Amino acid sequence: MTEKLMSVHKVAKLTGTTARTLHYYDEIGLLKPAKVTEAGYRMYDDTALSRLQNILLFRELQFPLKEIKVILDSPDFNPGEALAQQIRLLELQYKHIEELIAFIREMQKKGGTGMNFDVFDKSEIEKYEAEVKARWGNTKAYQEYREKDMAENKDGYGKLANELMTMFSELGELKHFTPDADEVQKKIAALQKFITDHYYVCTNEILSGLGEMYVCDERFRNNIDKAGGEGTADFVRQAIAVYCNKAQG
């Protein structure tokens, strides 16, 4: 039985997108049609529609198109896990909106007076977004890092992997300091330089995402905690967050 294909206009009507948007998604390689007719018409099957649904969900969560493409193209992409992550992000956003509504209603009762800047804090949402991006490798750099790290560890630790683990061991020895201590921050700067020198250009954005991955990815967390002692991965994540926030300031 031949699978039913849908035209651009039918897909646009079904999903609430526009034909122009679908054309653009095709141009950037985000959503390719199942086939293109001899007359040049794009046709979409159920697989394409399923991918489009994921695109629209991530767009609803304000993920950039480039990051959505990398997530969906990841060889590890798991639709079920992605849905669970999307639900969690929507729950966090819902909680944030509820708190804003409650705050505004309270201000309304008080005649517009009162201050509470905590209600604008979206750090919890941003942290989870970073975890999602780190989970799927939101840049080519993350994928390169994983591939090279796996190659280094294929037959036991290689030279670079040993050096990296030594850095985590040294950071583990600094856990009695606060993450923003100068000694700790110097080690984070050295870590960033090491990654840049041996893997790829490690921008602050990438470093921040790596910090989240060190905690979220069980394999990384276990290796780092093994090198520096229990809690090292989380300590490194906190120290990286301080380092990157200072750079933004």
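The structure under discussion appears in the preceding block.
All values reported here derive from a predicted model rather than from experimental measurement. (Residues numbered from 1 in each chain as written. Predicted model: local features only at pLDDT ≥ 70, side-chain atom pairs only at ≥ 80, totals over all residues. Heavy atoms only, no water.)

## Re the layout of surface pockets
Okay, step 1: One number sums up the size of the second largest pocket: a volume of about 170 Å³.
Okay, step 2: Looking at the second largest pocket, it is lined by eleven residues, and the ones nearest its centre are K95, H96, E99, D121 and E124.
Okay, step 3: Mapped by element, the contributors of at least two residues to the lining of the second largest pocket are α5 (79-109) and α6 (123-136).
Okay, step 4: Sorting elements by how many residues they give to the lining of the second largest pocket places α5 first, with four residues.
Okay, step 5: By residue class, the composition of the lining of the second largest pocket is three nonpolar, two polar and six charged. (1 Å grid on protein atoms, 1.4 Å probe; cavity = no way out; pocket = protein on both sides within 12 Å on 5 of 7 lines; lining within 4 Å. Points joined across faces, edges and corners; volume = space filled by probe spheres on them. Helix = DSSP H or I, 4+ residues; strand = E, 2+ residues; numbered from the N terminus. Nonpolar A, V, L, I, M, F, W, Y, C, P; charged D, E, K, R; others polar.)

## A look at helix α8 (residues 159-172)
Okay, step 1: Taking 1.5 Å per residue, 14 residues should reach 20 Å; α8 reaches 20 Å between its end C-alpha atoms and fits that length.
Okay, step 2: Taken as a whole, α8 has its buried residues at L160, A161, L164, M165, M167, F168, L171 and G172. Viewed along the axis of α8, the buried residues span an arc of 150 degrees, placing them on a single side of the element. (Expected span 1.5 Å × (residues − 1). Buried < 20%, exposed > 50% of the residue type's maximum accessible area, 1.4 Å probe, protein only. Arc of directions from axis to C-beta.)

## Some words on the packing of helix α10 (residues 204-216) against helix α11 (residues 218-228)
Okay, step 1: Across the interface, α10 lies against α11 with an axial gap of 5 Å and an inter-helix angle of 85 degrees. It follows that α10 is roughly perpendicular to α11 by the angle criterion. For the pair formed by α10 and α11, the contact residues are M213, Y214, V215 and C216 on the first element and E218, F220, R221 and I224 on the second.
Okay, step 2: Looking at the contact of α10 with α11, its residues break down into six nonpolar, no polar and two charged. (Axes fitted to C-alpha atoms, helices over the stretch in contact; angles between N-to-C directions. Parallel < 35°, antiparallel > 145°, perpendicular 65-115°, else oblique. Contact = heavy atoms within 4.5 Å.)

## A closer look at α11
Okay, step 1: Within α11, burial applies to F220, I224, D225 and G228. Down the axis of α11, the buried side of the element spans an arc of 120 degrees, and every buried residue falls inside it. Exposed and oriented more than 90 degrees from the buried face of α11 are E218 and K226.
Okay, step 2: Positive backbone phi, approximately 100 degrees, marks G229, located one or two places after α11.

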